Amino acid sequence: MRTGLLRSTLTLLLGGALAQLLPLLLGPWLTRIYTPAQFGQFAFIWAVASNLAVVACARYEFALPLETQGSRVRVLMALCLRVLLAVSLASVLLGLALAWWQQQGSALLLPMAVLAGGATQWLTMWATRAQRFQLLAIGRVLLYGGGALIQLALGLLDFGVWGLLLGPILAGLLTTALLARPAPAAGWLQLWRVPRDDLTAMARKHRDFPVLNTPHAFAGALQDSLAMLILAAWSGDAAAGYWALALRYLKAPAGLVGGALSQALYPRLVAAQSAAEAATLVRKLTFLLCLLALPLMLGLMLFGPALFTWVFGERWHDAGMLARGLAPYIALHFVASPLSVATMAWQQQAWALRLALVGQFLFVSGLALGLIWGGLWGAAWGVSVAMTLYFSWFFWALPRRAQAGAGVDADAEASGGLMA
């Protein structure tokens with residue numbers, strides 16, 4: 001298991017490294033083409049789109065690794081497709097409302113952003129279920145690297161905020177087309193012919209994902225939307241742009257390592273022979289990730305402002321000051337990011353939801369109180385202090401949930417099986 005996890009993770013890390021390399025290399029050009037205010041406007045719309053995209057399939061896609069029979073997988077895929085299209089169509093109204101409220105026509109791209117983001121996440125889990133890690137690695141390069149290249153090209157053509165939005169949307173749609181191969185059994189068109197009764201039964205079988213995991217994921221993404229809204233209202237679009245750029249690049253290591261490791265970790269935790277084995281694996285990964293996160297935090301605290309000024313230009317010095325204050329939070333997020341799939345593997349979504357709601361409250365409270373007491377820099381330190389408390393509890397409690405999850409599974413098996 002350890003050898004397979006390492007090989008899978010390294011494959012995804014290689015693809016992720018290439019995927020992150022292009023945005024990092026193109027970042028200095030993007031920040032010289034687009035203004036902080038444009039980044040702020042883009043960040044708010046994209047945060048709203050991401051908030052919807054993360055739950056666009058009602059999290060049913062995360063049940064794909066739990067299904068082993070081809071006929072059941074086809075029903076689950078059909079269910080994901082229908083939910084995704086419904087959420088994307090519903091977001092049209094929200095896009096119109098945002099365009100009217102902000103007097104910004106680029107908000108009309110919101111439905112396309114939701115569709116691209118939701119489809120990418122859905123088909124990523126489709127490829128993860130089949131453990132097609134090489135395809136996933138290529139998809140990450142196309143998604144992140146291609147998005148940055150399109151943003152650069154459209155920026156040179158003076159598309160403004162539209163260019164920043166169209167970049168990840170078009171890259172997401174291309175990645176979706178890549179991950180759609182191979183098709184499910186009997187082909188994609190057959191997904192429209194799945195009987196309604198089968199869809200209803202499948203929805204009930206995995207109801208914990210929309211009922212418990214969807215609010216969890218939505219709350220997690222909501223903190224970014226609220227942060228952009230609070231910062232823009234308090235300090236203006238430029239401040240929101242500094243915050244967005246800082247988090248975009250500071251969370252890149254977590255996206256690289258966390259995304260690769262979580263995709264490889266999830267099926268391993270599902271297949272673990274015992275709760276003790278799963279808990280031990282999580283503890284070892286937590287320790288290893290902490291060792292990697294410590295130099296990241298120290299480097300940002302010492303050299304953050306100088307590094308951002310040198311890389312992105314003088315007008316982005318304030319983003320570097322934010323990086324210094326956010327360094328503890330970024331380090332802890334780096335550790336926690338790949339471990340979050342454990343609660344789904346252990347059927348502990350209810351516990352994860354309760355804990356996540358506490359975390360979102362602490363994040364927004366730290367941000368708001370920091371703004372009041374110390375302005376933009378106070379907001380960064382406020383988030384770091386609040387989230388240090390939250391993540392410390394999470395790391396202590398998470399391995400202990402493996403045994404609780406094993407108890408749930410044993411009860412289900414004894415009663416005939418909730419998943420039968």
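A quick note: this is a predicted structure, and the numbers were derived from the prediction, not measured. (Residues numbered from 1 in each chain as written. Predicted model: local features only at pLDDT ≥ 70, side-chain atom pairs only at ≥ 80, totals over all residues. Heavy atoms only, no water.)

Novice: Even after reading the chapter, I still don't get the confidence of the model for the protein, so can you show me in this structure?
Specialist: The predicted coordinates of low-pLDDT regions are not to be read in fine detail. Scored by pLDDT, the protein comes out at a mean of 85, with 91% of its residues at no less than 70. Averaged pLDDT values over the elements of the protein bottom out at 52 in helix α15 (residues 401–414) and peak at 95 in helix α6 (residues 161–179). When the criterion is pLDDT under 50, residues 407–420 qualifies, and its contacts beyond four places in sequence or with other chains add up to 8 contacts. (pLDDT = per-residue confidence, 0-100. Helix = DSSP H or I, 4+ residues; strand = E, 2+ residues; numbered from the N terminus. Contact = heavy atoms within 4.5 Å.)

Novice: Whenever I open this one, the packing of aromatic side chains confuses me. Can you help?
Specialist: Each pair of aromatic rings is reported with the distance of its centres and the angle of its planes. Evaluated as defined, the whole model comprises 14 aromatic pairs. Members of the aromatic cluster, each reached through a chain of ring pairs, are Y329, F363, Y390, F391, F394 and F395. (Phe/Tyr/Trp six-rings, centres within 6.5 Å; stacked < 30°, edge-to-face > 60°.)

Novice: Explain the nonpolar core here, please?
Specialist: For soluble globular proteins, nonpolar side chains are generally found buried alongside one another. Membership of the largest hydrophobic core comes to 129 residues, with the highest contact counts inside it found for W122, M228, W243, L269, L326, Y329 and W346. When residues of this core are assigned to their parent elements, the largest contribution, 16 residues, is made by helix α14 (residues 349–397). (Core = buried A, V, L, I, M, F, W, Y, C linked by side-chain atoms within 4.5 Å. Buried < 20%, exposed > 50% of the residue type's maximum accessible area, 1.4 Å probe, protein only.)

Novice: What is the right way to read the packing of helix α9 (residues 237–250) against α14 from this model?
Specialist: Any two packed helices are characterised by how steeply their axes cross, that is the angle between the axes, and by the distance between the axes. Two elements in contact, α9 and α14, have axes separated by 16 Å at closest approach and are oriented at 115 degrees. In terms of their interaxial angle, α9 and α14 are classed as roughly perpendicular. Here α9 contributes A239, Y242 and W243 to the contact with α14, which in turn contributes F363, L367, L376, A379, A380 and V383. Split into classes, the residues belonging to the contact of α9 with α14 amount to 9 nonpolar, no polar and no charged. (Axes fitted to C-alpha atoms, helices over the stretch in contact; angles between N-to-C directions. Parallel < 35°, antiparallel > 145°, perpendicular 65-115°, else oblique. Nonpolar A, V, L, I, M, F, W, Y, C, P; charged D, E, K, R; others polar.)

Novice: Just to check I follow, could you spell out helix α5 (residues 133–156) for this structure?
Specialist: Residues lying three or four places apart along an α-helix face the same way, a consequence of the helix completing one turn every 3.6 residues. End to end, α5 covers 34 Å across 24 residues, agreeing with the expected 34 Å (1.5 Å per residue, within 8%). In α5, a bend of some 25 degrees at G146 exceeds every other bend along the element. After α5 finishes, the residue D158 shows a positive phi value of roughly 65 degrees. (Expected span 1.5 Å × (residues − 1). Bend = angle between axes of the 7 residues up to and from the residue.)

Novice: Is there a simple way to think about the side chain of N51 in this case?
Specialist: Within the element layout of this structure, N51 appears in helix α2 (residues 36–53). A polar contact of 3.0 Å, which involves the side chain of N51, links it to the backbone oxygen of F218. Setting aside its immediate chain neighbours within four residues, N51 contacts F218, A221, L222 and S225. (Polar contact = N/O pair within 3.5 Å; in protein donor to acceptor, adjacent residues only side chain to side chain.)

Novice: Could you clarify how one ought to interpret the side chain of S91 in this entry?
Specialist: Turning to its location among the elements, S91 is positioned in helix α3 (residues 70–102). For S91, the side chain forms a polar contact with the main-chain oxygen of S88, separated by 2.6 Å. Aside from chain neighbours lying at most four places away, what touches S91 is L52, L110, P111 and V114.

Novice: How do you make sense of a nonpolar patch on the surface when you look at a structure like this?
Specialist: On the surface, a nonpolar cluster with roughly 390 Å² of combined accessible area is contributed by L14, L18, L21 and L25. Mapped onto the fold, L25 is located in helix α1 (residues 2–33). (Patch = residues over 30% accessible without salt bridge, like charges linked within 9 Å, V, L, I, M, F, W, Y side chains within 5 Å. Areas by Shrake-Rupley, 256 points an atom, 1.4 Å probe, with all protein chains shown as cover. Salt bridge = Lys/Arg side-chain N within 4 Å of Asp/Glu carboxyl O.)

Novice: Can you walk me through the packing of α2 against α6 in this structure?
Specialist: Their axes nearest at 9 Å, the elements α2 and α6 cross at an angle of 40 degrees. With respect to α6, the element α2 is oriented oblique. Seen along the crossing, α2 lies across α6 with a hand that is right-handed. For the pair α2 and α6, the contacting residues are Q38, F39, Q41, F42, I45 and W46 in the first and V161, L164, L165, P168 and I169 in the second. Looking at the contact of α2 with α6, its residues break down into 9 nonpolar, 2 polar and no charged. (Left-handed = near helix turned anticlockwise from the far one by under 90°.)

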